[in-house]
Amino acid sequence: TIQVVDKAIELKEEAEKQDNPYDSVWAVFDKDSFPPRNFNAAISKAENNGIGCAWSNEAFELWYVYYFDDCCTAISRSEYSKIITRRVRKTGYKNGKKEYAYSKKDPDMRSILLKCGCDEKKAIRRAESQANTFQDQKFHLHNPCTMVYKLVKQLVGEDKDLVKLIKRKLAEK
């Protein structure tokens, strides 16, 4: 986790030195089996260095679960792929046949979710609502929780602060 954040800081600083700064820099990682101290330190380090942090506890797949369900109870990381597979099949994707099985490395996962009739805005609301239930800095205990929604909001142009920043930069040119 710290290595991901350190690399993001390094890339951000390199771009700034070349007078070609990024509008936004993100580190994406899971809780996995990292010690709580390391996980929390990585998140704090990212925040202290202006790096967006799209962390998930326990796993990134929680973000996909939010496309289907409002999840507020901790689920083992081994269960996420089963839930996603079952929920995608239930929508009738690939005629609901058993041939569909969630794959972590599937580059088409977002389009699969959208083809299943999932609502990305609803997933954002669900993830944000759950994240807002936690009020402390003990991130390792925030389970289930994912901050991927913040990154997705930027990617789809719904982060008002980033939109203002980009507009300001364009006006200055």
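Residues numbered from 1 in each chain as written. Predicted model: local features only at pLDDT ≥ 70, side-chain atom pairs only at ≥ 80, totals over all residues. Heavy atoms only, no water.

## Brief notes about the pattern of salt bridges
Should their charged atoms come close, side chains of opposite charge can pair.
Then, number 1: Applying the stated rule across the entire model yields 12 salt bridges.
Then, number 2: For Lys-169, the salt bridge is made with Asp-23, and the minimal N-O distance between the two is 2.8 Å. Highlighted residues: Lys-169 in helix 8 (residues 160–172) and Asp-23 in the loop between helix 1 (2–17) and strand 1 (26–30), separated in sequence by 146 residues.
Then, number 3: The exposure class assigned to Asp-23 is partly exposed, which follows from its relative accessible area of 39%.
Then, number 4: Between Lys-121 and Glu-158 there is a salt bridge, with its nearest N and O atoms 3.4 Å apart. Of this pair, Lys-121 sits in helix 6 (residues 120–131) while Glu-158 sits in the loop between helix 7 (148–155) and helix 8; the two residues are 37 residues apart in sequence, bridging distant segments of the chain.
Then, number 5: Classification of Glu-158 by relative accessible area gives partly exposed; the value is 32%. (Salt bridge = Lys/Arg side-chain N within 4 Å of Asp/Glu carboxyl O. Helix = DSSP H or I, 4+ residues; strand = E, 2+ residues; numbered from the N terminus. Buried < 20%, exposed > 50% of the residue type's maximum accessible area, 1.4 Å probe, protein only.)

## What to know about the sheet that holds strand 3 (residues 145–146)
Then, number 1: What the 3 strands build is an open sheet, ordered 1-2-3; its pairing is mixed. Bordering the open sheet on either side are strand 1 and strand 3, each of which pairs with just one other strand.
Then, number 2: Of the strand pairs in this sheet, strand 1 and strand 2 (residues 52–57) are connected by 5 bridges, and their pairing is parallel. In the strand pairing of strand 2, Trp-26 is matched with Gly-52. (Pairing = 2+ DSSP bridges.)

Remember, this is a structural readout, not a statement about activity or role.
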